[in-house]
Amino acid sequence: MTKRDFSLIGITALIMCIPLIIIARKNNEQAFLPSTAYDWKDMKVTPLQIGERRHVFDSPTQTLDRLELHITTLNPGDSSHAPHQHPNEELLIVKDGTVWALVNGQNVLLGPGSVVYQAANRLHMFKNAGKTKTTYYALQWRTPKTGKAETGK
C-alpha cells in the first residue's frame, strides 16, 4: 500500500465517524423546555401536611440551566419551610389569601396579586397569615452564575 492509500483510508474512516459523533452529542444533550400551556385543572395535586403542591415544570431551557415552577397551597398558619436561602433567585406571586413574607429581614404582609423577588443567598420564607388557605406560585431559575446546584429547595 502506498502513502496515498493510507491517507484515503484515514480520511474515509474519519468521514464515516462524523454521524456517530453527531448522534453521541445529541444523546448527551438535555432536552429543553418547549413552549407549553399548562391548564390548572390538569395539574397533578400532591397533598402535603401543610397543604398541597402542584409541580408544573423543572427543566433546562434554551437560555437557563434550570427553570422550575411549582404552586403551593398553605393551610392557615402554615409555612412551606423554615427561613432558608439558596444560590438561585426566586419569584413568588400570591394567587389568593394573605401571607407573611420574609424579605430583607422584614416580615411583610401581602395579599392576592402581590409579588416578591428574592435575590440569591437571601434568607426568606412564606407563611399563611390568614384564616383560609392561601396559594402562591414559586418560580426559580439557575444560570451558570448561580453556581453548584443544591439537593434541596
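Residues numbered from 1 in each chain as written. Predicted model: local features only at pLDDT ≥ 70, side-chain atom pairs only at ≥ 80, totals over all residues. Heavy atoms only, no water.

Draft legend 1. Spotlight on the sheet that holds strand β9 (residues 134–142). The strand order β1-β2-β3-β9-β4-β7 describes an open sheet built from six strands, whose pairing is antiparallel. Of all the strands in the sheet, the pair left with one neighbour each is β1 (45–48) and β7 (115–118). Between one strand and the next, the sheet's axes are offset by a mean angle of 20 degrees, whatever the strand orientation. Summarising the sheet, β1 and strand β2 (residues 51–59) pair through four bridges and their orientation is antiparallel. Within the sheet, the bridge partner assigned to Thr 46 lies in β2 and is Arg 53. (Pairing = 2+ DSSP bridges. Helix = DSSP H or I, 4+ residues; strand = E, 2+ residues; numbered from the N terminus. Axes fitted to C-alpha atoms, helices over the stretch in contact; angles between N-to-C directions.)

Draft legend 2. Quick look at the nonpolar core. Judged by nonpolar contacts, Leu 74, Leu 92, Val 94, Val 99, Ala 101, Val 103, Leu 110, Val 116, Phe 126, Tyr 136 and Ala 138 together constitute the single largest core of eleven residues. In terms of residues, this core owes the most to one element, strand β5 (residues 99–103), which gives three residues. The residues touching Val 94, leaving out its near neighbours within four places in the chain, are Val 99, Leu 110, Gly 111, Pro 112, Gly 113, Ser 114, Phe 126, Thr 134, Thr 135 and Tyr 136. Residues Leu 67, Leu 69, Ile 71 and Trp 141 belong to the second largest nonpolar core, which totals eight residues. (Core = buried A, V, L, I, M, F, W, Y, C linked by side-chain atoms within 4.5 Å. Buried < 20%, exposed > 50% of the residue type's maximum accessible area, 1.4 Å probe, protein only. Contact = heavy atoms within 4.5 Å.)

Draft legend 3. Focus on the side chain of His 86. Along the chain, His 86 falls in the loop between β3 (66–74) and β4 (89–96). On the basis of relative accessibility, which here comes to 4%, the residue His 86 falls in the buried class. Only 3.0 Å separates the side chain of His 86 from the backbone oxygen of Asn 88, close enough to count as a polar contact. Here His 124 takes part through its side chain, which lies 3.3 Å from a polar atom of the side chain of His 86. (Polar contact = N/O pair within 3.5 Å; in protein donor to acceptor, adjacent residues only side chain to side chain.)

Function cannot be inferred from these measures alone, as they are strictly geometric.
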